[in-house]
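Here's the letter readout for the chains.
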Amino acid sequence: MKIDKELCGICQACASVCPRNAVDITEHEAIVDNQTCNNCGVCFRVCPVGAIIIEEKAS
Ligand code: SF4
Ligand code: SF4
């Protein structure tokens, strides 16, 4: 998945629900590890601002 950094408020909701622990929250941004993320969509459903974009994994 991708995070729209303009929309993201770094609320940590995605990181706290991610079953794979693929989101790292820093002081300035939420960073997805796309090696770990499997695009399951769980974070997409909890993001309060619609900043998460789920996409097919490029192989
Ligand atoms: S799509 Fe799933 S695996 Fe990827 S960051 Fe979101 S909750 Fe985690
Ligand atoms: S849930 Fe949405 S707003 Fe919150 S840190 Fe994740 S991407 Fe950013």
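Described below are features of the structure shown in this document. All values derive from a computational prediction rather than experimental measurement. (Residues numbered from 1 in each chain as written. Chains lettered and ligands numbered in written order. Predicted model: local features only at pLDDT ≥ 70, side-chain atom pairs only at ≥ 80, totals over all residues. Heavy atoms only, no water.)

Assigned secondary structure in the protein consists of two helices and four strands. Element order for the protein, N to C, with α for helix and β for strand: β-α-β-β-α-β. Seen through its principal axes, the protein has C-alpha atoms that stretch 30 × 20 × 15 Å. Relative to its full complement of 59 residues, the protein shows a buried share of 27%. Here the contacts in the protein between residues at least 6 apart in sequence split such that 46% fall between residues at least 24 apart. Of note, the protein has its 5 positive side-chain charges centred 9 Å away from the centre of its 8 negative side-chain charges. (Helix = DSSP H or I, 4+ residues; strand = E, 2+ residues; numbered from the N terminus. Buried < 20%, exposed > 50% of the residue type's maximum accessible area, 1.4 Å probe, protein only. Contact = heavy atoms within 4.5 Å. Lys, Arg positive; Asp, Glu negative; His and termini not counted. Charge placed at Lys NZ, Arg CZ, Asp CG, Glu CD.)

Close to ligand 1 lie 13 residues, the nearest being Cys18, Cys37, Asn38, Cys40 and Cys43. Of the residues that constitute the shell around ligand 1, the class distribution is nine nonpolar, three polar and one charged. (Near = heavy atom within 4 Å. Nonpolar A, V, L, I, M, F, W, Y, C, P; charged D, E, K, R; others polar.)

Let's shift gears to the nonpolar core. One finds Met1, Ile3, Val23 and Ile52 to be the most contacted residues of the largest nonpolar core, which totals 14 residues. Those elements giving two or more residues to this core turn out to be helix 1 (13-17) and strand 3 (30-32). If we ignore the near neighbours within four places in the chain, the residues touching Val23 are Met1, Ile3, Cys14, Ala15, Ala30 and Ile31. (Core = buried A, V, L, I, M, F, W, Y, C linked by side-chain atoms within 4.5 Å.)

Moving on, we come to the site of ligand 2. In the region of ligand 2, the neighbouring residues are Ile3, Cys8, Gly9, Ile10, Cys11, Gln12, Ala13, Cys14, Cys47, Pro48, Val49 and Ile52. Residues of the shell around ligand 2, tallied by class, amount to 10 nonpolar, two polar and no charged.

On to unusual backbone geometry, then. Residue Asn21 is not a glycine yet carries a positive backbone phi of 60°. When you line up the elements, Asn21 lands in the loop between helix 1 and strand 2 (23-25). We note that Asn39 has phi near 55°; this positive angle belongs to a residue other than glycine. Structurally, Asn39 is set in the loop between strand 3 and helix 2 (42-46). The buried category is assigned to Asn39, whose relative accessible area is 16%.

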